[in-house]
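This is what each chain is made of:
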Protein chains: 2
Amino acid sequence: MPSRFGLLTFRAVFDTASIAHEIDKATWKKEEPKLRQALLAAQYRVLSEKKFPVLVLIGGVEGAGKGETVNLLHGWMDPRHIITHAFDAPSEDERARPAMWRFWERLPPKGRIGVFFGAWHSQPIVESALGHIDKAEVDQRVAEVNRFEKMLSDEGVLLVKFWFHLTKKQQRKRIEALAADKHTRWRVGENERSLFKKYDAFADASEHFVRSTSTGWAPWYVVNGAEARYRSLTVGKTLLASIDDRLANGAAPTSSTNAPPLLAPIDGRNVIRALDLKQKLDDERYELQLEKWQGRLNLLSRDEKFKKVSVVCVFEGNDAAGKGGAIRRITAAIDARFIRPIPIAAPTEEERAQPYLWRFWRHLPRHGRVAIFDRSWYGRVLVERVEGYATEAAWMRAYQEINDFEEELLQGGCVLSKFWLAITKEEQFKRFKDRERTPFKRFKITDDDWRNRKKWDDYERAVCDMIDRTSTEEAPWTLVEANDKNFARVKVLKTLVRAVEERFDTL
Amino acid sequence: MPSRFGLLTFRAVFDTASIAHEIDKATWKKEEPKLRQALLAAQYRVLSEKKFPVLVLIGGVEGAGKGETVNLLHGWMDPRHIITHAFDAPSEDERARPAMWRFWERLPPKGRIGVFFGAWHSQPIVESALGHIDKAEVDQRVAEVNRFEKMLSDEGVLLVKFWFHLTKKQQRKRIEALAADKHTRWRVGENERSLFKKYDAFADASEHFVRSTSTGWAPWYVVNGAEARYRSLTVGKTLLASIDDRLANGAAPTSSTNAPPLLAPIDGRNVIRALDLKQKLDDERYELQLEKWQGRLNLLSRDEKFKKVSVVCVFEGNDAAGKGGAIRRITAAIDARFIRPIPIAAPTEEERAQPYLWRFWRHLPRHGRVAIFDRSWYGRVLVERVEGYATEAAWMRAYQEINDFEEELLQGGCVLSKFWLAITKEEQFKRFKDRERTPFKRFKITDDDWRNRKKWDDYERAVCDMIDRTSTEEAPWTLVEANDKNFARVKVLKTLVRAVEERFDTL
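When helices and strands are counted, chain A shows 22 helices and 10 strands. Dimensions of chain A along its principal axes, counting C-alpha atoms only, are 85 × 50 × 40 Å. Burial analysis of chain A (507 residues in total) assigns 39% to the buried set. Within chain A, counting contacts between residues at least 6 apart in sequence, those at least 24 apart form 84% of the total.

The structure is reproduced here in structure tokens:
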């Protein structure tokens, strides 16, 4: 049922929803208890299987019964396992981070039902209705929303989106009724009245946005909100059908990635092998350069402009390539209160119950702060790909998801620097052996490291593909020749300093 | 070494720390590399054993090298596993919750080192130096801090507290030196100069607070900050000794609780058995009462005053006593956007790496919101006690910890209502059987429930002790006779409404 309904609304969004519907009391009395019991049973199956979360998005016009419907869902199901959140204007903490951060923060984990009021759809619709953004920008927002919801859907989130509609006449009647009743009068303020005056502009903006974001993987269900029994049964039955369908059939196979197939290497040359790993910096010049670039970084971190950006560094590289040492040369240059290194290890239980990128979103720094990821979201297209922890479909689509994620960061005021530290296979052998011999370094070398080493070529292939697909103009990879630690550390610092300076120039 | 040092400073806090110390360059060059390597090794043992977190508190006067020392610790150890946080004025989100919330939010998990700048000590010292709070209030804050740190220590947190001291003369010299250097001039603003004018008041307030919060389980190490090498070596060595001591000897056995021993029941009578579980409400009166109290609750939730408080309800009770049903009668009365039920299950991996109360702190609502805990922090003195999941020392000290925690909530503007839902053993048997017979209720009954039932008397004993020790005047338990569901639900609603109304009267 949901899919048919979805297709129908896709074609004639608001016209269909303007048709007057009414459910009589007798039908309601017969249907409601059955629906309630079925919804509760479905909720408990979701909860006990813990295979996927359900995310219900609620949008639409004022007075169309959004709040009432959600309260009803709470009454029908077990409210202890529903996480509801209303998004108003972003708070101080939220404004200091990329725009999507507050939604990620509140995603329901597997097994739970989340209800979001006014999520990522609200802002674009309001801005477009008020004429603050033009058609091109609207289209860009639409594309972003669609890619984001595709990602959630691919990650297993069951998205059920309801849009509550009222015709202009119905809305006027509703507002008058609310204002006439002393118990509900408080709900009709200046704000509601002035929004109503812009009904047509909002209807146009909404219709366009709802139509364009009604996708195969996350269709909108447009519900006429004028009549409570009809509205409630429609929402309840659609949600039930969506959950039951997922429980019975599992997720639709994730569409194969849109990315073109990866090229097979032909001549044995690639970006990694093309690096000149013989580059060196002697100790004397190193000390001078280190001081110079650390000094500049320190000055930048105390600049007034620094309060308007955040800095995110990503460190990836061969095992023993010197990530830790390079990171320490950055942290040494910045007041420890403002910089946080984030070592990425295996995901925790709470992280495994969320979409892949959740565990990186949660660590994003606010403006004026620096986060250094020691390993990162690229794990999916590196170790998870090579070791087979992620399916091919999952890591293939990760390239696009990662590019979208990084675009979010950039839009949110991040300076993003990504480093791949490369060493030769011989140099790695030397360093492994050295670690085994030195007592306080021994913890740094494990059987895993030796095992990974045997897959050197597979990793190299994965690295080249990664750089190919995620080195964008705005978020390029910096390949760091790291056989010589001095050279690598200075290159990292210099690159980071220049990236921050470039961003400052635009402020 | 740390304990001796701790005792010394305990006696003559700032006098001792005023003695001029100097470490010459040669000594530094000899000592520093050894210290560095030992600290790194210690850090990695903490990290790999994951048995306890280390929390370093940094306090003291301006210009005494606090920031420099922390930067040095980051340089000496692996900064990727250090979590540093500076607490400034609380943010919007933080102000809307109990004062300690922001510290709990950032506690390092087991295996990690946390560094807190200006944690829970700052505010009381500043307020007392500026004369905003009197001696009695200072003493109360001291007692709160000591109990809080005792709890952290009992929970296995290794607390290492450094106070950076400068004599008046040293501070003047330091400020002048900073102001004279163009690289550091920015650090001396109006704020620093005006603070310096109040040196004596701050010194008095600090000395008193530092002396009174230097306890056996969490002593302050007072360090003269005038000379960098001395200061750095002292801090580094003290931290190293503290960590090594813990690694070698484990935590000191938690002192037995200060609470008097629990009384053995003599005559078989207790608060639970004294309840009149025959109380009933027929359906007709129930409907009327339900509407009345839900209506009142709804009105309260829309009152302007509601924005200044948060509401926390705790539901505990016999299995099948009807907690879920009672909770639904509350959620039905309040806009779903403002109320969140929080079902407490077994702790997650991230929660197990933190002190016991952490997993409740993280769910505390902001002002204007309601949180309903379905089972709660009382698990420690109920199921964990009876099933032997917690040691006797742990659950015995939990009474005091819970009382302290709830006092925090009350001070932070919470209305706190705690309900124990009681049914008879016979009624429970009936409800278990009913659950087994009803398809969509079957998930609610497990082998665990039948097992718990066999320990009915042990649980009853635990409940009576709990009520005895945690039913305080400000946060009393409400015992709810729940053999009749109608009666129980109305009693819960009525109690909650009155608690909110009483709080409103004080606003």
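Right, let's get into the domain arrangement of chain A. All names here are of chain A. According to the domain assignment, chain A consists of domain 1 (2-249) and domain 2 (283-505). Listed by partner, the interface residues are 18 residues for domain 1 and 18 residues for domain 2. Secondary structure elements with two or more residues in the side of domain 1 that touches domain 2: α6 (101-105) and α8 (135-154). Here the residues of the side of domain 1 that touches domain 2 sort into 12 nonpolar, no polar and six charged.

All names here are of chain A. Compared with the 27 Å implied by 1.5 Å per residue over 19 residues, the 26 Å span of helix α13 (residues 283-301) between its first and last C-alpha is a close match. Listed in full, the buried residues belonging to α13 are W293, L297 and L300. Along α13, the residues classed as buried sweep out an arc of 55 degrees about the axis, all on the same side. Residues of α13 that are exposed and point over 90 degrees away from its buried face: E284, E287, L288 and E291. Looking at the packing, one finds that the buried side of α13 touches α22 (485-505).

Between chain A and chain B, the superposition needs a rotation of 180 degrees and an axial shift of 0.0 Å, giving an RMSD of 0.0 Å. Each copy turns onto its partner about a two-fold axis. Comparing interface residues between copies, 100% of those in chain A also lie at the interface in chain B; the contact surface is shared.

This brings us to the nonpolar core. A general feature of soluble globular proteins is that nonpolar side chains tend to end up buried together. Ranked by size, the top nonpolar core spans 222 residues in total, and within it V56 and L421 of chain A together with V56, C313 and L421 of chain B carry the most contacts. Those residues within four positions of V56 of chain A in sequence are excluded, and the remaining contacts are I113, G114, V115, V160, F162 and L239 of chain A.

Moving on to the sheet that holds strand β3 (residues 113-117) of chain A. All names here are of chain A. Reading across from one edge, β2-β3-β1-β4-β5 is the order of the five strands in this open sheet, with parallel pairing throughout. Strands with a single pairing partner mark the edges of an open sheet, and in this sheet they are β2 (82-86) and β5 (220-224). Going across the sheet, the axis of each strand differs from the next one's by a mean of 20 degrees, ignoring polarity. Of the strand pairs in this sheet, β2 and β3 are connected by five bridges, and their pairing is parallel. When the bridges of β3 are listed, A86 appears paired with F117.

Take the environment of W377 of chain B next. Residue and element names in this part refer to chain B. Positionally, W377 belongs in the loop between β8 (370-374) and α17 (383-386). Residue W377 is classed as buried on the basis of its C-beta count, with 21 C-beta atoms lying within 10 Å. Excluding its chain neighbours within four sequence positions, the residues that come into contact with W377 are L357, F360, I402 and F405.

On to the interface of chain A and chain B, then. Facing the 38 residues of chain A at the interface are 38 residues of chain B. Among the elements of the structure, α3 (25-49), α4 (66-76), β2, α5 (92-95), α14 (323-331), β7 (339-343) and α15 (349-352) of chain A are those that each provide at least two residues to the side of chain A that touches chain B. Of the residues that constitute the side of chain A that touches chain B, the class distribution is 15 nonpolar, 12 polar and 11 charged.

All names here are of chain B. The residue S232 is located in helix α12 (residues 228-249) in this model. When the C-alpha positions of S232 and G65 are compared, they lie 9.0 Å apart, and in sequence the two are 167 residues distant. Once you skip the residues sitting within four places of it in the chain, S232 turns out to touch T69 and L72.

Basis of the calculations
Residues numbered from 1 in each chain as written. Chains lettered and ligands numbered in written order. Predicted model: local features only at pLDDT ≥ 70, side-chain atom pairs only at ≥ 80, totals over all residues. Helix = DSSP H or I, 4+ residues; strand = E, 2+ residues; numbered from the N terminus. Buried ≥ 20, exposed ≤ 12 C-beta atoms within 10 Å, placed from the backbone. Contact = placed C-beta atoms within 7 Å. Domains from an automatic or database assignment. Nonpolar A, V, L, I, M, F, W, Y, C, P; charged D, E, K, R; others polar. Expected span 1.5 Å × (residues − 1). Arc of directions from axis to C-beta. Least-squares fit on C-alpha atoms with pLDDT ≥ 70 in both. Core = buried A, V, L, I, M, F, W, Y, C linked by C-beta atoms within 7 Å. Pairing = 2+ DSSP bridges. Axes fitted to C-alpha atoms, helices over the stretch in contact; angles between N-to-C directions.

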